[in-house]
Amino acid sequence: LAVLMAWKLAHPAHVFLLRGNHECEFCTEVYGYKRELLTKYGGQPGKALYRRFLQLGAALPLAALVGPKTLVLHGGLFRAPPPKRARGGKNGGR
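Quantities reported herein were computed from a predicted structural model and do not represent experimental measurements. Note that residues are indexed from 1 along each chain, following the sequence as it is written. Only residues with pLDDT of at least 70 get local features here, since the model is predicted, and only at 80 or more are side-chain atom pairs given and counted; chain-wide, interface and lining totals rely on the full set of residues. As a convention, hydrogens and water are excluded, and side-chain values are obtained from all of the structure's heavy atoms.

Undergrad: Is there a simple way to think about the overall build of the protein in this case?
TA: If you tally the helices and strands in the protein, you get 4 helices and 2 strands. Counting helices and strands in the order they occur from the N terminus, the protein gives α-α-α-α-β-β. Partly exposed describes any residue whose relative accessible area lies between the buried limit of under 20% and the exposed limit of over 50%, with all areas from a 1.4 Å probe on protein chains only and scaled to the type maximum. When the 94 residues of the protein are sorted by exposure, 18% land in the buried category. Contact criterion: two residues are considered in contact whenever any of their non-hydrogen atoms come within 4.5 Å of each other. In the protein, the share of contacts with a sequence separation of at least 24, taken over all contacts with a separation of at least 6, comes to 55%. For the protein, the exposed area adds up to about 7500 Å²; of that, 60% sits on carbon and sulfur atoms. Starting at the N terminus, helices and strands are each numbered in turn, a helix being any DSSP run of H or I of at least four residues and a strand any DSSP run of E of at least two. Accessible areas in this description were obtained via Shrake-Rupley with a 1.4 Å probe; residue shielding takes into account the shown protein chains only.

Undergrad: Just to check I follow, could you spell out the packing of aromatic side chains for this structure?
TA: The geometry of an aromatic ring pair comes down to the distance between the two centres and the angle between the two planes. Pairing of aromatic rings covers Phe, Tyr and Trp, the last counted by its six-membered ring, and requires centre-to-centre distances within 6.5 Å; plane angles under 30 degrees mean stacked, over 60 mean edge-to-face, and any other angle means tilted. Enumeration over the complete set of coordinates arrives at 1 aromatic pair. Look at Y33 and F53: their rings are 4.7 Å apart centre to centre, the planes differ by 50°, and that puts the pair in the tilted class. Linking Y33 in helix α3 (residues 33–41) with F53 in helix α4 (residues 43–59), this pair joins segments that are 20 residues apart in sequence. A residue is classified by how much of its surface remains accessible, and Y33, at 27% relative accessible area, is partly exposed.

Undergrad: Would you mind going over the pairing of strand β2 (residues 70–73) with me for this structure?
TA: Side chains on a regular strand alternate between the two faces of the sheet. The pairing of strand β1 (residues 63–66) with β2 spans 4 bridges and is antiparallel. Directly across from V66, in β2, lies its bridge partner T70. A strand pair is defined by DSSP finding two or more bridges across the two strands. Between the end of β1 and the start of β2, which pair antiparallel, lie 3 residues, with G67 showing a positive phi angle near 70°.

Undergrad: In this structure, what is going on with the packing of α3 against α4? I would like to understand it.
TA: When two helices pack together, you describe them by how their axes are tilted relative to each other and by the distance separating the axes. The axes are straight lines fitted to the C-alpha atoms, using for helices just the contacting stretch, and the angles between their N-to-C directions are given from 0 to 180°. The N-to-C vectors of α3 and α4 enclose an angle of 140°; their axes lie 7 Å apart at closest approach. On the basis of the axis angle, α3 is oblique to α4. Every pair of crossing elements has a handedness; the one defined by α3 and α4 is right-handed. Across the interface between the two elements, Y33, K34, L37, L38 and Y41 from α3 touch G43, P45, G46, K47, L49, Y50 and F53 from α4. Of the residues contributing to the contact of α3 with α4, the split by class is 8 nonpolar, 2 polar and 2 charged. Each angle gets one of four labels, with under 35 degrees taken as roughly parallel, over 145 as roughly antiparallel, 65 to 115 as roughly perpendicular, and the rest as oblique. By definition, turning the near helix anticlockwise from the far helix through less than a right angle yields a left-handed crossing, and turning it clockwise yields a right-handed one. As a working rule, the residues Ala, Val, Leu, Ile, Met, Phe, Trp, Tyr, Cys and Pro are called nonpolar, Asp, Glu, Lys and Arg charged, and the rest polar, with Gly in that last group.

Undergrad: Would you mind going over α4 with me for this structure?
TA: Two residues of an α-helix separated by three or four positions point the same way, owing to the 3.6 residues in each turn. Here, expected helix span is obtained from the residue count minus one, scaled by 1.5 Å. For α4, built from 17 residues, the straight-helix expectation of 24 Å at 1.5 Å per residue is met to within 8% by its first-to-last C-alpha distance of 24 Å. Close packing links the buried residues of α4 with α2 (25–30) and α3.

Read these as layout, nothing more, since geometry by itself doesn't imply function.
And the structure:
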């Protein structure tokens, strides 16, 4: 991620970064990115880095027009997280 950001800063007119489906909080928790940061960088530093990553992901555009005719989109956009179950077991305590 740091390399991509460095390329964007060095060549802003030639590097385009878009948001995909793995930059949302739900996917980063499910696929282990949050756990990876906490393991590698420890409690508070890992949490701070994770919050910054989520802010960066939220700031990235969903699409970009590159040149006069090229529209670039990610193939799979994020989805809403599943609804939270009520306490009490598999069937919501029923």
